[in-house]
Amino acid sequence: MQIEFVAAPKVEILTGAIAVVAFEDGLTAAAGALDAATQGALSRAISAGRFKGKAGQTVDVIAPPGVKAQRALIVGAGDRTAVKAMTHETAAAHVYNAVKMSGSTKLVLYPADGSAQACANAALGVALAAYRFDRYRTRLAEDKKPSVTTVKIVADDVKAAEKAWGPLKALSEGVTFTRDLVSEPANILYPEEFARRVKTLESVGLTVEILDEAAMTKLGMGSLLGVGQGSRRESQLAVIQWRGGAGKAAPVAFVGKGVCFDTGGISIKPAEGMEDMKGDMAGAAAVAGAMYVLASRKAKVNAVGILGLVENMPDGNAQRPGDIVTSMSGQTIEVLNTDAEGRLVLADALWYCQDRFKPKVMVDLATLTGAIIISLGASIAGLFSNNDDLSANLMATSEATGELLWRMPMHKGYEKQIDSPVADMKNIGGKPGSVLAALFLQKFVNDVPWAHLDIAGVAWGAAGATPVSPEQASGFGVRLLDRLVADFYEG
Ligand code: BES
Ligand code: MN
Ligand code: ZN
């Protein structure tokens, strides 16, 4: 799909679909002009259609009089006095979703105003909403394919809009990279293939090192390696670096859980729904996508992304319940449930990250627990942290990006539940499951300001779908990390 910025055209001669914005208290200037050009057809449709300008409401006027266009679409944007970047983005996404299958091939969109920022935000809404994963379809009926192939966004100053679009275009590409990884099935995307795809990001200026099992054995990563030992596929650790900041400045670090498939291992999961576990690498995918964005928009920051890439399988060589592994930190772990594998992967990835890079902050993303879905559902991720400033920064970023977080308690009193009678800790306790998982991770972060985002509920699925996020892979976390850097750690 092609997105372009154009100077105000003569509406009478436009073909395809034209979209304009209305607020609760009335039309925008562009909507008013289109209403006049269509001899009041828009106003009549508004009163006939119970349209109140509420955010996301749409009215589709087919074959309006006085113009050549096939349809005029009005989208609501809510309160005129509360317009934010997200207002333009969401309105544009609603427009695209409403016309994508209509039969029109061209869409001309007038954002609520023609400013460069409004146009760029609208473009982001369209780009994110238009994501599809069609790689494995060999046939698709014409009427099941989106008809819209070009979206033209009407800008006051085309050059300025293009400039504002630059970093947001990078962001949309990063989200797409992440969504593609999460969508890929596990027969295609296993740790080495994931690592290869991350290696291609060197083309935008990142450096990528891949540690194989031999290298991780040397480092003593018995916790991560134990998870992957039942798989025919080699485990990998990807180390991604972006150096856009001052030479000696400590980096911000992101760490991702990359379980390319989670069967549960010997503590095997039930068959129903197990296919969703191809997405158990969404944390690693989000970190990779965010690193891509930072490099593409040449962020003035030093950043590190560490991905723990494994496959959790039952096998003659798989780890057993009761096994005791030694992590890179030296701490030993009694593995009571092989399905609590994400924390075992992160234990070594987090320790390695802080040990080698001495980051100023460290944020991990992981589809870690089913319990977080019980707590927060499919629209909000759990935030766990040892640091109030980092938490406040993340909450502000959550608000700005619409990738929602809620801070959860890391209550010390629960910690004894993961004491082991035979090792330094065990990998499961009782309830609350998401908190115990976070308390476990905390043992591997040393004193670094750290936050853990449990994205099990938000990474995948229809339940959390939004106008800019399709029903499957959301790409959750890419926007959050990019914006966290932009607002708090750049320059
Ligand atoms: N990958 C799962 C968590 C998960 C569940 C992600 C549902 C996405 C959707 C994780 O590895 C897991 O299996 N966690 C267990 C932990 C338990 C054994 C303590 C869980 O949540 O049941
Ligand atoms: Mn598991
Ligand atoms: Zn898992």
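Structure first, text after, so check above.
Residues numbered from 1 in each chain as written. Chains lettered and ligands numbered in written order. Predicted model: local features only at pLDDT ≥ 70, side-chain atom pairs only at ≥ 80, totals over all residues. Heavy atoms only, no water.

Q: Go over the coordination of the manganese ion (ligand 2), please, and point to the residues and values.
A: Here the manganese ion (ligand 2) is held by Asp262 (OD), Asp339 (O), Asp339 (OD) and Glu341 (OE), and the distances to it run 2.0 to 2.2 Å. What the six donor atoms of the manganese ion (ligand 2) show is an angle range of 71 to 167 degrees at the metal, which sorts the shape as irregular. Separating the manganese ion (ligand 2) and the zinc ion (ligand 3) is a distance of 3.2 Å, and aspartate 262 donates to both of them. Judged by relative accessible area, glutamate 341 falls into the buried class, the value being 1%. (Donors = N, O, S within 2.8 Å, 3.2 Å for Na, K, Ca; no water. Tetrahedral: all angles 85-135°; square planar, octahedral: opposite > 155°, others 65-115°. Buried < 20%, exposed > 50% of the residue type's maximum accessible area, 1.4 Å probe, protein only.)

Q: Explain the packing of helix α3 (residues 85-99) against helix α4 (residues 116-129) residue by residue, including any values.
A: α4 packs onto α3 with a crossing angle of 45 degrees between their chain directions and a minimal axis gap of 7 Å. One finds that α3 runs oblique with respect to α4. Judged by the twist between their axes, the crossing of α3 over α4 is right-handed. Residues Ala85, His88, Glu89, Ala92, Ala93, Tyr96 and Asn97 of α3 lie in contact with α4, whose contacting residues are Ala118, Asn121, Ala122, Leu124, Gly125, Val126, Leu128 and Ala129. In terms of residue class, the contact of α3 with α4 is made up of ten nonpolar, four polar and one charged. (Axes fitted to C-alpha atoms, helices over the stretch in contact; angles between N-to-C directions. Helix = DSSP H or I, 4+ residues; strand = E, 2+ residues; numbered from the N terminus. Parallel < 35°, antiparallel > 145°, perpendicular 65-115°, else oblique. Left-handed = near helix turned anticlockwise from the far one by under 90°. Contact = heavy atoms within 4.5 Å. Nonpolar A, V, L, I, M, F, W, Y, C, P; charged D, E, K, R; others polar.)

Q: Describe the layout of surface pockets, listing the residues and the values that go with them.
A: Size it by volume and the largest pocket reaches roughly 770 Å³. Looking at the largest pocket, it is lined by 33 residues, and the ones nearest its centre are Lys269, Met277, Thr369, Gly370 and Ala456. Considering each element in turn, the lining of the largest pocket owes the most residues, three residues, to helix α11 (residues 371-376). Here the residues of the lining of the largest pocket are counted per class, giving 13 nonpolar, twelve polar and eight charged. (1 Å grid on protein atoms, 1.4 Å probe; cavity = no way out; pocket = protein on both sides within 12 Å on 5 of 7 lines; lining within 4 Å. Points joined across faces, edges and corners; volume = space filled by probe spheres on them.)

Distances and angles like these do not, on their own, reveal function.
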